[in-house]
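# Fold and contact review
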Amino acid sequence: MLQQSRNARKYEEAKMHTIYLSELEEVHRRGKYKKAMEIAARKNRLVIDAKYKIDPFDPNIMWMMPGVYLDHRLIIARELGFDVLLPNNTRPGGQYDHTWQFTIDMKKRHHQFGGDVRMFGCDMAGRMLRIGHTQSDEDVWLSLVPSDCFDNPVHPHRVVLSKKTTVMKAQLSLVMIASVLYALHTAKIKDIRLTQNYPPVNSPQDLNRAWDCSDRGTFKLSIAEMKKFAKAYKENFDTWYEGAPASYRFPELEDSVPVIAILNYGQNREVGTAQTIDQVAEFWDREIDYKPVWRMTIALAAHYAAVPVQDWRPYNAQRIKDANPEIYDSDDPNSRTLIEDILTYPLVDGNGLEKRIYAPDCTRIKRRRAVGLHSSERCGIMQDLSAIHRLFCAPSGLDDELMEVDPVVDPDAHNPGNINDVDHELNMQYARRLPPLEDVAYTSYPHFFSKNIGQWQADGVMQPMMPLIRSLSNELSRPHSGGKAIVALNSQCYNTIAHSTRFSARHHLAQKGMLTVTSAGPWATTPKARNTADKLFGKVSYSLPHERLVNQLLLGSDNCLRVENNFLIDFDHLRGEFHNGGDIYRHFIMKYEAFCRRSSLLEAIKSVSVLLTHDCFPYAYVWCGHPFAVTMKMLWKAHSEAGASTPSMPNPIYVEAISVLERLLNYNYTGAAKVLPRRLMMELWPLRGIMDTGFPVLWPGFIPGGSSYGRPPSIDMRMWPVDELTHRPLVSSRRTQEITYGQPHFVAYETLLYMKVAIARMPKTRWADASSLGREFRLLADIVMGAFVKDVLQLVSSQVRAEIDPILADRGHNDLLAARTRRVALRKWLDVDHPLDWGVQADTRIVLTQAVSRDQIEAARGLAKSARGQMSVKDLVDILIHIASTSGLRSVRPPLWNKGQCWPALRAAFGDANLRGTRAGMSPADTMALFKEAFTYIVEERRIRFFPDALTPTEGRRLPSTQPSIRSWSTLGAQVHAPVAGRSAPLTHAERLQYQMSQNSLEEMRADPNSSWDTTEIVIAD
């Protein structure tokens, strides 16, 4: 805490600078690398020059809506089986579509569901199997939905989710695949033949032996084949499952319905226009049969563009009048006024903006046309994050019930006679006032370090959309159903230039961390990891990731403001006549498209928008990120590039520095604060700067080099932040390394980083009796043996827990009292400062014996001795050094645990010690001698007297076990027999066993010449 307070005080004392966007542009354009690093190392407040900004209400800015796009659709069936996938047979020609196809794919059962599982009304952890895809490349999921979700539906916002994956257990997924194979076999499709109705599901290999087919795992079904399969599955599943053996029984299947979910994500397909309604509606009508559908979620995105206009040319007013007998001044039927004479009606208002006019059907009538309009000069539209609260707060003085349908109240119950009046909600007055409207929660994402310019996501829709939601709810909801057919779920708003920062949906280049994992490549040990590292280095050598991102961003042609809203269509409350695709398209999607063109909605969007000139956007991302991109590039060139391409390893502190900078560039493009590890970023100052002004600042530990490009920044390892409790360095690269190379890779890397930082921060007074190199070796040994002790604690705890937890769960178990005693003893032992020492009068050993012993008789015998029995500290050190020289994790043997952290630490220490010895000019033999001496010293200092070891060979196992066990213990020290105190009073059987356990522990302690001797003898009983 003291270090944090000093760090915070230093930040507050630093001088604040105002930096203009034009200055950042010049630094980037002229390649001023020294200036760029100076900017990164100081506190800045970004100001966007007036020349880069345009007033959204400028009369010479033309706002357009290029279209509305379907981005996401999730369809969840209510009925058992695959019927929902079939085309609508009530429409002519649908059943003869020769292009229709459904592909069953049994090779993707480990895939995670990519949609919002809250739409199922429950947590779908372990209940979803990806079973195939449609001809439109929509993912098809076989989902086990509890029956209660259909009978008592829960609003998606009220569903509580666990952190567990939706992927089914391996055996359960094979059971569901077996159900599909049984239906294919019953329907006699694709020559599939099952040798038994319930094939073994212990493994995919066992399942595959039970059926025959020329094309295993993937089947393409036509409409005719799909009908036969769907019918067979629906009619036979319940009977088939009722007769299934015990191996087919799972809690997820009990009282659940196997239904189909169809997921379409990231398609971004235009929904059509008013001129194409009939043609598109026919496609929606024929696509699928919506009668088996339970719920459908759909994401509709409206695009808005703003283009500067050089001049305006008015249309002939007389022609407008002749073509439109009735002309109104607004698109709101409840407040509009009929214009008596369009010839005298002003063309523009006092601000130079066109006074818009509308036809009776609320469509806009254009009064002038733009001249000199160039799409390449589109303005960059972003959101003013300091003003967007106005979009989500109920306007003061406005009745809440005029804005939103209460989620519990049925709107038709109040006035069922007016349900078809789409604009009735604007003047409806209920006899009972609805509950007050609550503001919608939203999250803002500032871009290019601006703090108040960026994008947002919300848990609902903005208030200007509420009239449409109420209108659609009134029109589409079934009377007296108890709910709403249309529910607004959430929304987001961003510039479509963000699509240029990704190579697929939800996979952003800015979030890959490619330079970080390439820098960490030298720690790869397995062939797979080394191959990955080599490929990454090849990509990075060709072009640095952030430079490739810049090129892709600037080549992006699309530049629109995208307002995306997500809706839930609940078919339980949807009127029956709308249970078809054509009417859903006509009465929901196209009405939404028309509403997005309304001036009221556009004015609300303009009021919170920031317009940037085309020569500024999207270049602002590049200019603002340039200081940190330059620093990162110089770190890579100087410290990591050489190490990544040669056998020598770079200093891991620079991998962390690169990771920090790469995360800052990620934040520059996305505004997502979750990419910034809070504690580390606060200590390094970037997060302090972001919270203060929006612009990050690098801490003094990033020491800039000289004035030339060839002198890179360097890192002072003594100043790198560490955890206050564990004293391990705070890291930024963990997640990306574990995903790319695996956890063992990161453990080895982090251990070496810990060692280097610990040595750099080691006080000069520690182990003053040793040489400089000897002190470093002792610290390495201390880290290794600290990991060894932690591994023993975890090993003992896990093995004891595995024995007592089942007993503790059964209150009627005969050994319940003994299990509780062991649990108490285990907790005491885990809290001891030196758990592998004897303790005063062997009390630590006694508590450990109580924890690991299964009964009193076993406790009386003491800890079981290993095959090694007793050994010297030197023998233990020799064993550790021998293990350190092994080539892989599989070669690790007791006393080390291959699931623990000691072996990676030991390997890292062994390599680092050899390197330090070579640098000091020592021979390998002298280095190892000093290294062993350091380990011997630390084992004594940490008071390690015993440890779990390998189980001794038995008749069924000729070799010692490969894992340490609590049933086998080795002791450090020579064998010395010591007298044991007796007693004369008679003892009960339980007391005699307890006494024997204590005496055995005391005897073993006294036999150890390294233990602490105490002249005071405790009498246990008279």
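Every chain is numbered independently, its residues counted from 1 as its sequence is written. Selection of residues for local features in this predicted model requires a pLDDT of at least 70, selection of side-chain atom pairs for listing and counting requires 80 or more, and totals for whole chains, interfaces and linings are taken over all residues. Side-chain descriptors were evaluated using all non-hydrogen atoms of the structure, hydrogens and water having been removed beforehand.

## What about the overall build of the protein chain?
For helices the rule is a DSSP run of H or I covering at least 4 residues; for strands it is a run of E covering at least 2, with both sets numbered from the N terminus onward. Counting its secondary structure elements, the protein chain contains 30 helices and 29 strands. Exposure categories follow from relative accessible area, calculated using a 1.4 Å probe and restricted to protein chains: below 20% of the type maximum is buried, above 50% is exposed, and the middle band is partly exposed. The buried share among the 1022 residues of the protein chain stands at 53%. Every residue pair with non-hydrogen atoms within 4.5 Å of one another is taken to be in contact. The contacts in the protein chain between residues at least 6 apart in sequence include a share of 77% that link residues at least 24 apart. Note on areas: Shrake-Rupley, 1.4 Å probe, and residue coverage restricted to the protein chains presented here. When the accessible area of the protein chain is evaluated, it comes to approximately 46,400 Å², of which 50% is carbon and sulfur surface.

## Some details on the packing of aromatic side chains
For any pair of aromatic rings, the description consists of the separation of the ring centres together with the inter-plane angle of the planes. The rule is short: rings of Phe, Tyr and Trp, with Trp giving its six-membered ring, pair when the centres are within 6.5 Å, and they are stacked under 30 degrees, edge-to-face over 60, tilted in between. Tallying each qualifying case throughout the model produces 39 aromatic pairs. An angle of 75 degrees between the planes, with centres 5.5 Å apart, marks the rings of phenylalanine 449 and phenylalanine 628 as edge-to-face. With phenylalanine 449 in the loop between β18 (442-446) and β19 (453-458) and phenylalanine 628 in helix α17 (residues 619-645), this residue pair connects regions lying 179 residues apart in the sequence. Given a relative accessible area of 1%, phenylalanine 449 falls into the buried group. Since its relative accessible area comes to 0%, phenylalanine 628 is described here as buried. By definition here, charges over rings are those cases where NZ of Lys or CZ of Arg is within 6 Å of the ring centre and within 35 degrees of the ring normal. The aromatic ring of tyrosine 241 is capped on one face by arginine 249, whose charged end is 4.5 Å from the ring centroid. The ring of tyrosine 937 has arginine 778 sitting right over it, with the charged end atom 3.7 Å from the ring centre.

## Brief notes about the pairing of strand β17 (residues 380-384)
Along a regular strand, successive side chains alternate from one face of the sheet to the other. Taking burial as the measure, the five residues of β17 include four buried ones, the bulk of the element. Pairing geometry for β17 and strand β24 (residues 609-612), over four bridges, is antiparallel. Considered in β24, the bridge of glycine 380 is made with leucine 612. Note that β17 and β19 share two bridges and pair antiparallel. Following the sheet pairing, aspartate 384 is matched in β19 by isoleucine 453. Should DSSP find at least two bridges between two strands, the strands are taken to pair.

## Side note on the confidence of the model for the protein chain
Of the residues in the protein chain, 86% have a pLDDT of 70 or more, and the chain-wide mean is 84. Per-residue pLDDT stays below 50 along residues 974-987; that stretch engages in 25 contacts with residues further than four places along the chain or on separate chains. As a per-residue measure, pLDDT reflects the predictor's confidence and takes values from 0 up to 100.

## Observations concerning the packing of helix α23 (residues 772-809) against helix α29 (residues 924-941)
Whenever a helix is involved, its axis is fitted only over the stretch in contact; in every case the axis is a line through C-alpha atoms, and angles between N-to-C directions fall within 0 to 180 degrees. Where α23 meets α29, the axes come as close as 8 Å, and the angle between the chain directions of the two elements is 55 degrees. On the basis of the axis angle, α23 is oblique to α29. When you trace α23 past α29, the crossing you get is right-handed. Counting all contacts with α23, which are made through Leu773, Gly774, Phe777, Arg778, Leu780, Ala781, Asp782, Val784 and Met785, the residues of α29 involved are Thr927, Leu930, Phe931, Ala934, Phe935, Tyr937, Ile938, Val939 and Glu941. Basically, the charged four are Asp, Glu, Lys and Arg, the nonpolar ten are Ala, Val, Leu, Ile, Met, Phe, Trp, Tyr, Cys and Pro, and anything else, Gly included, counts as polar. When the residues that make up the contact of α23 with α29 are grouped by side-chain class, the tally is 13 nonpolar, two polar and three charged. Between 65 and 115 degrees an angle is taken as roughly perpendicular, under 35 as roughly parallel, over 145 as roughly antiparallel, and anywhere else as oblique. Note: crossing handedness is left-handed where the near helix turns anticlockwise from the far helix by less than a right angle, and right-handed where it turns clockwise.

## Remarks on the side chain of asparagine 88
With respect to the helices, strands and loops of the structure, asparagine 88 is situated in the loop between β4 (61-77) and β5 (102-105). In this structure asparagine 88 comes out as buried when scored by relative accessible area, which is 3%. A distance of 3.1 Å separates a polar atom in the side chain of asparagine 88 from the backbone oxygen of aspartate 285. In this structure asparagine 88 touches Asp285, Arg286, Glu287, Ile288 and Asp289, once residues within four positions along its chain are discounted. Here a polar contact is recorded for every N or O atom pair within 3.5 Å, except that within protein the pair must consist of a potential hydrogen donor and a potential acceptor, and residues adjacent in sequence are included only if both atoms are side-chain atoms.

## Topic: helix α13 (residues 527-542)
Each helix should span, by expectation, one fewer than its residue count multiplied by 1.5 Å. For α13, built from 16 residues, the straight-helix expectation of 22 Å at 1.5 Å per residue is met to within 8% by its first-to-last C-alpha distance of 23 Å. Turning to α13, its buried residues are Ala529, Ala533, Leu536 and Val540. Viewed end-on, α13 has its buried residues packed into an arc of 65 degrees, placing them on one side of the element. Exposed and oriented more than 90 degrees from the buried face of α13 are Pro527, Lys528, Asp534, Lys535 and Tyr542. Throughout, the arc means that of the directions going from the helix axis to the C-beta atoms.

## Some remarks on the sheet that holds strand β28 (residues 946-950)
Pairing is mixed in the open sheet, where three strands are placed in the order β27-β29-β28. Every interior strand has two partners, whereas the edge strands, β27 (865-871) and β28, have only one. Direction aside, neighbouring strands of the sheet carry axes that sit 35 degrees apart on average. Pairing between β28 and strand β29 (residues 964-972): five bridges, direction antiparallel.

## Observations concerning the environment of valine 140
Topologically, valine 140 is positioned in strand β7 (residues 139-146). Residue classification places valine 140 among the buried residues on the basis of a relative accessible area of 0%. For the pair valine 140 and threonine 103, spaced 37 residues apart in sequence, the C-alpha separation works out to 9.2 Å. Leave out the neighbours within four places in its chain, and valine 140 touches Leu85, Phe102, Leu129, Arg130, Ile131, Gly132, His133, Thr134, Ile260 and Ala261.

## Here we look at unusual backbone geometry
Residue phenylalanine 617 is joined to proline 618 through a cis peptide bond whose omega torsion reads 10 degrees. A cis amide bond links proline 894 to the next residue, proline 895, at an omega of 15 degrees. Of note, tryptophan 767 is a non-glycine position whose phi angle comes to about 50 degrees, a positive value. Here tryptophan 767 shows up in the loop between α22 (743-761) and α23. The phi angle at alanine 842 is positive, at roughly 60 degrees, despite the residue not being glycine. As for its placement among the helices and strands, alanine 842 is situated in the loop between α24 (816-830) and α25 (843-852). The buried category is assigned to alanine 842, whose relative accessible area is 0%.

## Considering the nonpolar core
Formed by 153 residues in total, the largest nonpolar core has its most connected members in Val796 and Phe931. With 18 residues, α23 is the largest single contributor of residues to this core. Residues within four places of phenylalanine 931 in sequence aside, it is in contact with Phe777, Leu780, Ile881, Ala909, Phe910 and Ala913. Take the buried residues of types Ala, Val, Leu, Ile, Met, Phe, Trp, Tyr and Cys, join any two whose side-chain atoms come within 4.5 Å, and each joined set is a nonpolar core.

## Some remarks on the packing of helix α18 (residues 652-670) against α22
Direction vectors running N to C along α18 and α22 enclose 110 degrees, while the axes themselves pass 9 Å from each other. Relative to α22, the element α18 is oriented roughly perpendicular. The segment α18 lies against α22, with Pro652, Ile653, Val655 and Glu656 engaging Tyr749, Leu752, Leu753, Lys756 and Val757. Across the contact of α18 with α22, the residue classes tally to seven nonpolar, no polar and two charged.

## Things to note about the pattern of salt bridges
Side chains bearing opposite charge may pair, as long as their charged atoms lie close to each other. For this analysis, a salt bridge means a side-chain nitrogen from Lys or Arg found within 4 Å of a carboxyl oxygen belonging to Asp or Glu. Tallied over the entire structure, the rule returns 49 salt bridges. For arginine 575, the salt bridge identified is with glutamate 577, shortest N-O distance 3.6 Å. Classification of arginine 575 by relative accessible area gives buried; the value is 11%. For glutamate 577, a relative accessible area of 45% translates into the label partly exposed. Between glutamate 803 and arginine 822 there is a salt bridge, with the nearest N and O atoms lying 2.7 Å from each other. Of this pair, glutamate 803 sits in helix α23 while arginine 822 is found in helix α24, placing the two residues 19 residues apart along the sequence. For glutamate 803, a relative accessible area of 25% puts it in the partly exposed group. Judged by relative accessible area, which is 5%, arginine 822 ranks as buried.

## What to know about the environment of glycine 839
Residue position: glycine 839 is located in the loop between α24 and α25. Taking relative accessible area as the criterion, glycine 839 reaches 23% and is therefore assigned partly exposed.

## A few points about helix α28 (residues 902-919)
The first and last C-alpha atoms of α28 sit 25 Å apart over 18 residues, in line with the 26 Å expected at 1.5 Å per residue. For α28, every residue scored as buried is listed here: Cys902, Trp903, Pro904, Ala905, Leu906, Ala908, Ala909, Phe910, Asp912, Ala913, Arg916 and Gly917. For α28, the elements touching its buried residues are α22, α23, α27 (873-884) and α29.

## Considering the side chain of glutamate 564
The topology assignment puts glutamate 564 in strand β23 (residues 561-570). In this structure glutamate 564 comes out as buried when scored by relative accessible area, which is 4%. Polar side-chain contacts of glutamate 564 include one of 3.2 Å to the side chain of arginine 562. Beyond its immediate chain neighbours, meaning those up to four positions away, glutamate 564 contacts Asp71, Ala299, Leu300, Ala301, Asn490, Ser491, Gln492 and Tyr494.

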